[in-house]
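Spelled out from the first residue to the last, the chains are:
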Amino acid sequence: MLLIDLQSVYCLNHSSLQSIMRIHYFVFAATACCILLMNLPVKAQVNSGESVPDVTRTIALTNAKIIPSPGQVQERSNVIIRDGLIIAVGPDAAIPFDAFEIPADSLTVYAGFIDGLSHTGIPQPKQQPEQERPDDPANPPDELAGILPYRDVRPLLDPKDKRIASMRESGFTAAHVVPRGRMLPGVGAIILLGGDTPNEMVYQGETALYAQLSGARRMYPGTDMAVIAKLRQLYKESERRHRADRLYREDPTGLERPQYDPVHYAMFPVLEGERPIFFHTDGVLDLHRVLSVQEELGFPAVLTGLSQSFDAIDKLKSADLPLLLTLELPKEPKQNKKEPPADSTETPPTDAPAELPEIMHLDYDPDHRVTSFTDLESEKANLEARRTIAYKTHVGNAAVLESEGLSFGFSTGSASPSDLLTNVRKMIEEGLSENAALAALTTTPAQILGLTSSMGTVEVGKMGNLVVTRGSIFDEEGQVKYVFVDGRKYEIEPPKKTSGSDADAEANPAGTWSLSISSPDGEIAGTLTISGSDDDWSGTLIVDITPETSQLESIAMNGNVLTFSFDAGEFGNITSSLTLDANSINGSFDVPDIGPVSVSGTRTSGPEKSTTVQ
Amino acid sequence: MMSLLYSLLTAAVLLIPPSSWKTDTVTALTNARIITITQGTIENGTILIQDGTIIQIGTGVDIPEDARVIDLEGLSIYPGMIDSGTQMGLVEVGSLPETRDASELGDLSPQMKALTAVNPNGVAIPVTRVSGVTTVLTVPSGGMLPGQAALINLHGYTPQQMFAGFEGVVLRFPATGRRGRFDSRSEEDIKKAADEAMKKLNDTWNSAELHQRIDSTYQARPEDGRRPEYVPSMEALRDVIRGDQTLIIHVNTSKDILAAIEWVQTRGIERVLFSGLAEGWRVADKIAEAGIPCLVGPVLSVPTRQSDRFDKAYKNAGLMHAAGVKIAIRSDDTANARNLPYHAGFAAAYGLPLEEALRAVTINPAEFFGVDDRLGSLEVGKEATFFVADGDPFETATTIHHVFIAGYEMPMESRHTQLYEEFLQRTPGLHMHNQD
């Protein structure tokens, strides 16, 4: 009791002292500002984000290695872009007098990548509005049920969406974007990944209807079967209304005027075969469901997502629909290199599914049984092997499609933009050919989206959408240097390298760190001590405002991200995520009720450089 | 209190009519000590002016019969002083945003001309000229390339009438150091900001050079190509790149000065003036070697570093001159640009030779701005822009008796004198109450 009282008194004094100091500081600062302003009325420097204006719309890339289309190479050639169009390609292409010349001797030029389907440029709503509960959840209004096929994506575009710039950094210059939502979120558009206004970005509107097997929340249609039933119902209703509408227009005699219905009318272009439905599926079961409903109703369709298409090859072949494969991959399981599999004498399975590639030497036994708890290790190893196989199968999905002769394009979906190129490289590692990868990024999506006349290759007359790289884009060392969108140059900053360590090395957090915590009450200093090694860390944290030492719990190192939590008394249990870069650390403490508080620090002792943890 | 006073000042529109003397009649200023600057000092000399120009100067000058004669027994004639850095006409009252026209948002606006914004009725204009400062450079601020500074005479009803024949593109060179004691950014942030600013400057210049090249090619053979894109900010830099216009680089710390010298040399910019140079004395030899003329000031200031002696700002101009730098002195002020002579006076008291201090506010800036054929000294053929003092103008006790700008005699009236008169001649006045 006494202790608590003392503490609260201390706190009170401490905080009142702080507030007095703060007031003094404020008065002082205000006075200082006044003095400064009086003496130097206009010295305040405005840091504007204003960019240097382009002085010419003509750009010449000279002496570059050009990949005009997948499988073709032109060494030492020039590409000339004027007013957003490629006007000349070739070794002898003359450089116009008004060209901004980029010597590209060591660079490779590809056609700008095209994203088959994503929500790029449509920011995630910050907070879902409180969902209205319909009077009759079994028959809710379309809008609440996620049925908005009439919604145009164009008014939703935001040029400031961060994903636009980060997609561009991976070489994407155009994207087919659709609204976010549930069953029928709306109508898509082709956008260019550059420009300051939504209007500048839009290349073509009303491209396709987007659909997914995603039910409404706590109302009809909530389940997959309901979504399919609802889709069928909508489709049939629309057909009926379409017919009635046509008949009435031809001759209204004896007919009642068909009523306008935005949902049905939005389906008309689909019924007429003029607008495809881009149907998204993730799992193979959903894919089968979508394929049957498509076969039944016969609407023009493009299949997207398809992360498990390796299990539906024959169905996909007979359906003969355009495919857009997602660039999202499952998280790579952590390789346990240390110990050899517990039971290495086991024979490899002979009845593995045919689609699985040759890496099946792994020690997964589908019939593995453990007799008692003493044998748990072998079960764990067996499950890990299975997980690795499943991961490799997903990565090898693209290669399987290629070897089966199915043409496909890539869509970025909800994949993190920074993973896009890495994921393509992983797919190539698992057997996808580079030409097929490039086609899936350029010519095939152009074909699926009806853009072959303007995008997809480096040819005269095409749009000035280019990716310029140092090294092959599919090489791990390959770097995007420039991206051109509609003839506008974007210089891409090389990614920051962690100093003095190779990319695979895991940073070592062991040592003492001096932290600075930006709390709402000002900067607080702290000392973080971490000891131990790989997966067996321990540590303490001392924050200067309290004399106590907090023991850190669940410390984990993932790549170069250090996570831990600690009990901070009245503040509750704080979780922390800090990113290491050699001898500096940055991140945040997530304080309950307050939110993330940013933390930065430097190493005061410990390994001088991050070292590889074996 | 001050701001209240200033508000009152702006409320009253101050229109002082120029002298009604016709300029085609000859005016003779006789019996004066004439400090010509370029041709020595003439005792008991006479200056004849007509049509705004000095037509004769010296002793034993024949005075036409119909001439207006002003006897300057015991007085001295100096060429009008030139302040190489003010915001005259752009800023009226510093604390009223409505009256501040010097600074625009954005980093790249070299196409903006300060001259177009000059307010010929600015209250500070008569205040400044009655102290002998007849010509000032008025400089826009804000952003990296805030616009074009203009040299103006402190007399005229329109900016064009005031224009004194020089405009220069202003570049505020990226500052690498802390901006002041209240700049609490980390070293890393400061460096990052400086690198970004430097990159932006170089990107801008690359673009401007390309634009200039394209334009030159097009101008040489317009039938071969199409007209270059219209990019006003880049066009404004074109003349600088071609060496047809002066670039005025604002730079203060020694490190930045060295960086600016290197930048100017790498870019091969022909016509450059440095302005500010608070730490010029630290690298004076390098500036002298580069041969870049400097607009130094304010002199009445404090040292830039705590370790410096108290008088470093006063000595700066003298040290730079001693190292061989060509200097002009600026007040970097607007309401108190009238103090220019005291800036020069302090520089003279702290090591700059008196004669050189005079040159630094007359012929030197005139040469730097390319107007030395008309301004900066008292010579036949030059504009009749000068003032008459009863002593050394750098001394505060000295009174200025006449000011002529391009032959027009200025009324020796300003807001200061008006207020003085008003308070002196108040009726009923305070003494009435005292008598009660």
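**Structural notes on helix α2 (residues 162-169) of chain A**
Residue and element names in this part refer to chain A.
Piece 1. Of the residues making up α2, those classed as buried are R163, I164, M167 and R168. Down the axis, α2 shows its buried residues gathered within 135° of arc, on one side only.
Piece 2. Its buried side turned inward, α2 meets β6 (113-118), β7 (172-177), α3 (198-201), α10 (420-429), β17 (479-485) and β18 (488-491).

**What about the nonpolar core?**
Piece 1. Among the nonpolar cores identified, the biggest contains 101 residues, and A:F113, A:F278, A:F279, A:L303, A:F408, A:F410 and A:L432 are the most heavily contacted of them.
Piece 2. It is helix α6 (residues 284-297) of chain A that contributes the most residues to this core, six residues altogether.
Piece 3. A:L432 has contacts with A:A398, A:A399, A:E402, A:F408, A:F410, A:M427 and A:A437, leaving out every residue within four places of it along the chain.
Piece 4. Formed by 78 residues, the second largest nonpolar core is a distinct cluster that contains B:L210, B:V283, B:I329 and B:M410.

**A look at the confidence of the model for chain A**
All names here are of chain A.
Piece 1. When the pLDDT values of chain A are averaged, the result is 83; 83% of them are 70 or greater.
Piece 2. The low-confidence segment residues 498-505 (pLDDT under 50) makes eight contacts with residues lying over four places distant or belonging to another chain.
Piece 3. Predicted confidence is poor over residues 608-614, with pLDDT under 50, and the contacts of this stretch with residues over four places away or in other chains come to 13 contacts.

**Observations regarding helix α4 (residues 224-250) of chain A**
Think of an α-helix as 3.6 residues a turn; residues three or four steps apart then line up on the same face.
All names here are of chain A.
Piece 1. Taking 1.5 Å per residue, 27 residues should reach 39 Å; α4 reaches 39 Å between its end C-alpha atoms and fits that length.
Piece 2. Residues of α4 that are buried: A226, V227, I228, K230, L231, L234, Y235, S238, R241, H242 and D245.
Piece 3. Residues of α4 that are buried sit in contact with β11 (209-212), α5 (262-271), β12 (277-281) and α6.

**Some thoughts on a negative patch on the surface**
Piece 1. A surface patch of like charges, here negative, comprises A:E429, A:E434, A:D475, A:E476 and A:E477.
Piece 2. With respect to the helices and strands, the residue A:E429 is situated in helix α10.

**Details of the sheet that holds β6(A)**
Residue and element names in this part refer to chain A.
Piece 1. What the four strands build is an open sheet, ordered β6-β7-β9-β10; its pairing is mixed. Each of the sheet's edge strands pairs with one partner strand only, and the pair in question is β6 and β10 (202-204). If you compare each strand with its neighbour and ignore which way they point, the axes differ by 30° on average.
Piece 2. The pairing of β7 with strand β9 (residues 189-192) spans four bridges and is classified as antiparallel. Bridging across to β9, H176 finds its partner in I190.

**A word on the sheet that holds strand β8 (residues 147-153) of chain B**
Residue and element names in this part refer to chain B.
Piece 1. The eight strands are arranged β6-β7-β8-β9-β10-β11-β12-β13 in an open sheet whose pairing can be described as mixed. Of all strands in the sheet, those with a lone pairing partner are β6 (81-86) and β13 (327-329), marking the two edges. Pairs of neighbouring strands in the sheet enclose a mean axial angle of 25°, with direction left out of account.
Piece 2. In this sheet, strand β11 (residues 272-276) lies alongside strand β10 (residues 246-251) in parallel orientation, the contact comprising five bridges. When the bridges of β11 are listed, I248 appears paired with L273.
Piece 3. Across the face of the sheet, helix α5 (residues 232-241) comes into contact with β8, β9 (163-172) and β10 while running at roughly 105° to β9.
Piece 4. Against the sheet, helix α6 (residues 254-267) makes contact with β9, β10 and β11, and its axis sits at roughly 155° relative to β10, the strand it touches most.

**Some words on unusual backbone geometry**
Piece 1. Geometrically, the link from A:Y220 to A:P221 is a cis peptide bond, its omega value of -5° lying close to zero.
Piece 2. Considering the arrangement of structural elements, one finds A:P221 in the loop between β11 and α4.
Piece 3. Cis peptide bonds are those with omega within 30 degrees of zero, and the linkage from B:G297 to B:P298 qualifies with 5°.
Piece 4. Along the chain, the position of B:P298 falls in the loop between β12 (294-296) and α8 (312-322).
Piece 5. Not every positive phi belongs to a glycine, and A:R76 is a case in point at roughly 45°.

**Focus: the packing of α4(A) against α6(A)**
Residue and element names in this part refer to chain A.
Piece 1. The contact between α4 and α6 brings their axes to 11 Å, and the two run at 20°. Of the possible angle classes, the one that applies to α4 and α6 is roughly parallel. Like other packed secondary-structure pairs, α4 and α6 cross with a definite hand, here right-handed. Where α4 abuts α6, its residues D224, I228, L231, R232, Y235 and K236 lie against D286, R289, V293, E296 and L297.
Piece 2. Grouping the amino acids of the contact of α4 with α6 by side-chain chemistry returns five nonpolar, no polar and six charged.

Conventions used here
Residues numbered from 1 in each chain as written. Chains lettered and ligands numbered in written order. Predicted model: local features only at pLDDT ≥ 70, side-chain atom pairs only at ≥ 80, totals over all residues. Heavy atoms only, no water. Buried < 20%, exposed > 50% of the residue type's maximum accessible area, 1.4 Å probe, protein only. Helix = DSSP H or I, 4+ residues; strand = E, 2+ residues; numbered from the N terminus. Arc of directions from axis to C-beta. Contact = heavy atoms within 4.5 Å. Core = buried A, V, L, I, M, F, W, Y, C linked by side-chain atoms within 4.5 Å. pLDDT = per-residue confidence, 0-100. Expected span 1.5 Å × (residues − 1). Patch = residues over 30% accessible without salt bridge, like charges linked within 9 Å, V, L, I, M, F, W, Y side chains within 5 Å. Areas by Shrake-Rupley, 256 points an atom, 1.4 Å probe, with all protein chains shown as cover. Salt bridge = Lys/Arg side-chain N within 4 Å of Asp/Glu carboxyl O. Lys, Arg positive; Asp, Glu negative; His and termini not counted. Charge placed at Lys NZ, Arg CZ, Asp CG, Glu CD. Pairing = 2+ DSSP bridges. Axes fitted to C-alpha atoms, helices over the stretch in contact; angles between N-to-C directions. Parallel < 35°, antiparallel > 145°, perpendicular 65-115°, else oblique. Left-handed = near helix turned anticlockwise from the far one by under 90°. Nonpolar A, V, L, I, M, F, W, Y, C, P; charged D, E, K, R; others polar.

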